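Residue-level structural notes
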Amino acid sequence: QQQVKQSPQSLIVQKGGISIINCAYENTAFDYFPWYQQFPGKGPALLIAIRPDVSEKKEGRFTISFNKSAKQFSLHIMDSQPGDSATYFCAASMHHSSAAGNKLTFGGGTRVLVKP
Amino acid sequence: NAGVTQTPKFRILKIGQSMTLQCTQDMNHNYMYWYRQDPGMGLKLIYYSVGAGITDKGEVPNGYNVSRSTTEDFPLRLELAAPSQTSVYFCASSKGQGGNEQFFGPGTRLTVL
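Summarised in this report is the structure supplied together with it. Keep in mind it's a predicted model, so treat the numbers as computed, not measured.

Basis of the calculations
Residues numbered from 1 in each chain as written. Chains lettered and ligands numbered in written order. Predicted model: local features only at pLDDT ≥ 70, side-chain atom pairs only at ≥ 80, totals over all residues. Heavy atoms only, no water. Phe/Tyr/Trp six-rings, centres within 6.5 Å; stacked < 30°, edge-to-face > 60°. Helix = DSSP H or I, 4+ residues; strand = E, 2+ residues; numbered from the N terminus. Buried < 20%, exposed > 50% of the residue type's maximum accessible area, 1.4 Å probe, protein only. Pairing = 2+ DSSP bridges. Axes fitted to C-alpha atoms, helices over the stretch in contact; angles between N-to-C directions. Disulfide = S-S within 2.5 Å. Contact = heavy atoms within 4.5 Å. Buried area = accessible area lost by both parts, 1.4 Å probe. Salt bridge = Lys/Arg side-chain N within 4 Å of Asp/Glu carboxyl O. Polar contact = N/O pair within 3.5 Å; in protein donor to acceptor, adjacent residues only side chain to side chain. Nonpolar A, V, L, I, M, F, W, Y, C, P; charged D, E, K, R; others polar.

Another point: the packing of aromatic side chains. Tallying each qualifying case throughout the model produces 17 aromatic pairs over all chains. Ring plane angle 80° and centroid distance 6.5 Å describe the contact between B:F90 and B:F104, whose orientation is recorded as edge-to-face. Pair noted here: B:F90 is in strand β9 (residues 87–94) and B:F104 is in strand β10 (residues 103–104), with a separation of 14 residues, a long-range link. One aromatic cluster in this structure is built from A:Y36, A:F89, A:F106, B:Y33, B:Y35, B:F90 and B:F104.

Once that is clear, we can look at the pairing of strand β3 (residues 19–25) of chain A. Residues and elements named next belong to chain A. Side chains S19, I21, C23 and Y25 project from β3 onto a buried face, and the interleaved I20, N22 and A24 project onto a face without burial. Summarising the sheet, strand β1 (residues 4–7) and β3 pair through 4 bridges and their orientation is antiparallel. Looking at β3, one finds that V4 is bridged to Y25. Of the pairings in the sheet, the one linking β3 to strand β8 (residues 72–77) comprises 6 bridges and is antiparallel in character.

Time to look at the sheet that holds β8(A). Residues and elements named next belong to chain A. As summarised here, the arrangement of the 5 strands in space is β1-β3-β8-β7-β6, forming an open sheet in which the pairing is antiparallel. Of all strands in the sheet, those bounded by a partner on one side alone are β1 and β6 (56–59). Direction aside, the axes of adjacent strands within the sheet are offset by 15° on average. Two strands pair when backbone bridges link them, and strand β7 (residues 62–67) and β8 are joined in this way by 6 bridges, in the antiparallel orientation. Bridge pairing links T63 to H76 in β8.

As a further point, take the state of the cysteines. Residue and element names in this part refer to chain A. Scanning the entire structure with this criterion turns up 2 disulfides over all chains. A sulfur-sulfur distance of 1.8 Å marks the disulfide that ties C23 to C90. On the sign convention where negative is left-handed, the bridge of C23 and C90, at about -95° about the S-S bond, is left-handed. One end of the pair, C23, is in strand β3; the other, C90, is in strand β9 (residues 86–92), with 67 residues separating them in the sequence. Judged by its relative accessible area of 4%, C23 is buried.

What follows concerns the interface of chain A and chain B. Each side of the interface is counted separately: chain A has 21 residues, and chain B has 22 residues. Around 1,700 Å² of area is buried between chain A and chain B when both sides are counted, 52% of it from carbon and sulfur atoms. Of all residues in chain A, the largest losses of buried area upon contact with chain B belong to A:N102, A:K103 and A:F106, amounting jointly to 27% of the total for that side. Put simply, chain A and chain B have 0 salt bridges between them. Put simply, chain A and chain B have 5 residue pairs in polar contact (both at pLDDT 80 or more) between them. Taken together, the residues of the side of chain A that touches chain B break down into 9 nonpolar, 9 polar and 3 charged.

Function cannot be read off these values alone, since they describe shape.
Given below as structure tokens:
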């Protein structure tokens, strides 16, 4: 019930291309879906997040698409740059429940390499 | 603001030894978390706390203990280190009610031999 499945495990894209990472969840009680970016040797940092009342959110070159009925969401990185090379994690939590402590359930991660 | 700080950065333990991983945040966040990240894997929640004096188990709590005596500090204790605890440990904090974003520390790389 708590799993978040992420694919692909790794991705190589040319500079200027589009990177697409997909996630699927099982627990319909999840109501907050963030994406975190992690560079080698660093802790993850929030990139962008979405709630299920919207189907898309865009921040600069990063877009989340959300499909509530399919229980899937995805991250699109437009015009990918070498500086985007990092590991990306999707996650989900039950924000509405304070007892749940806003705990995040993470996907397995996608290592993205953008070639110049 | 320093954000979330963790010490030590690296540590090698022998099987059966114990240690405490330190975590401090200076953002006055109510919620704090401990995760472990195994190579090529996502983060797994070990323990979390929604305030001083309140802690609860996450997904993988066995072999670990925590305490939260102050808002700022959330140490993680390993009592009898085992090779399966070789991992990178991340501490995180969030505002709590009204604030979802979790802020992560730089991590502690632990090897148990």
